[in-house]
Amino acid sequence: MTIFDHLIAGALPASFVHQDERCVAFMDISPITPGHVLVVPRQSVATLDALDAEARAHLWEVARKVGVAQRQALGSVAQHLLVNDGPGASQSVPHVHIHVIPRYGGDTLRTVTRLIAHVSMLATRRRPREKGREQLQALAQRIATAMA
Ligand code: DGP
């Protein structure tokens with residue numbers, strides 16, 4: 001079981017923006033930029049090639065819709081879609097996920113620094129304090145409303 005299996009099962013708290021029969025999307029606990037979302041298949045496999053083609057296509061389509069919703073709800077101007085596709089690519093959770101990382105303009109240095117820290121495994125990953133959870137939940141609510 002991965003940590004994402006526990007979140008999907010509701011055994012640990014997560015701030016969801018989307019749920020369907022094949023995948024879920026929730027706020028990243030350690031956002032690179034505000035509104036950073038992870039799109040995760042219910043099928044618990046580590047790499048994209050372990051998913052069947054239909055599930056993989058669905059995952060990318062949901063990631064695209066998350067990007068649209070972030071732009072509508074948060075005023076972002078674009079987004080990174082990032083997959084660390086296996087442990088050798090700095091994947092820290094061995095369960096496929098597409099990062100949808102909104103960009104707001106004028107945020108290049110900070111974002112690229114944080115992206116490099118992330119793929120170098122230098123970023124600290126810790127559970128947010130309750131205040132952090134409230135903020136994640138508020139952002140999730142806005143994105144979920146735009147997705148509906
Ligand atoms: P990666 O390096 O691509 O495997 O990124 C994993 C991401 O998962 C990372 O950005 C932090 C996030 N993450 C890790 N644990 C949790 C968690 O318990 N809850 C949430 N929401 N995100 C998590």
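You'll find the structure just up there.
This is a predicted model, so every value here is computed, not measured.

Reading guide: rules and limits
- Residues numbered from 1 in each chain as written.
- Predicted model: local features only at pLDDT ≥ 70, side-chain atom pairs only at ≥ 80, totals over all residues.
- Heavy atoms only, no water.
- Pairing = 2+ DSSP bridges.
- Helix = DSSP H or I, 4+ residues; strand = E, 2+ residues; numbered from the N terminus.
- Axes fitted to C-alpha atoms, helices over the stretch in contact; angles between N-to-C directions.
- Contact = heavy atoms within 4.5 Å.
- Buried < 20%, exposed > 50% of the residue type's maximum accessible area, 1.4 Å probe, protein only.

J.: Can you lay out the sheet that holds strand β5 (residues 98-103) for me, pointing to particular residues and giving the numbers?
T.: With respect to topology, five strands assemble into an open sheet ordered β1-β2-β3-β5-β4, the strand pairing being antiparallel. Two strands lie at the open edges of the sheet, namely β1 (16-19) and β4 (78-82), each paired on one side alone. Neighbour to neighbour, the strand axes of the sheet diverge by 15° on average, direction disregarded. For β4 and β5, the ladder comprises five bridges, and the chain directions are antiparallel. Considered in β5, the bridge of histidine 80 is made with isoleucine 101. Relative to the sheet, helix α4 (residues 130-147) contacts β1, β2 (23-27) and β3 (37-41), its axis offset from that of β1 by approximately 40°.

J.: An account of the pairing of β2 is needed here, citing residue identities and associated values.
T.: Most of β2 is tucked away, with five of its five residues classed as buried. Note: β1 against β2, three bridges, orientation antiparallel. In the sheet register, glutamine 19 faces β2, and the bridge partner there is valine 24. The turn linking β1 back onto β2 is made up of three residues. Sheet topology note: the β2/β3 ladder contains five bridges and is antiparallel.

J.: How would you explain the environment of leucine 81 if you had to name every residue and give the values?
T.: By secondary structure assignment, the location of leucine 81 is in strand β4. Here leucine 81 falls in the partly exposed class, since its relative accessible area comes to 40%. Taking the C-alpha atoms as reference, leucine 81 lies 14 Å from arginine 56; in sequence the two are 25 residues apart. Setting aside its immediate chain neighbours within four residues, leucine 81 contacts Trp60, Ala63, Ile98, His99 and Val100.

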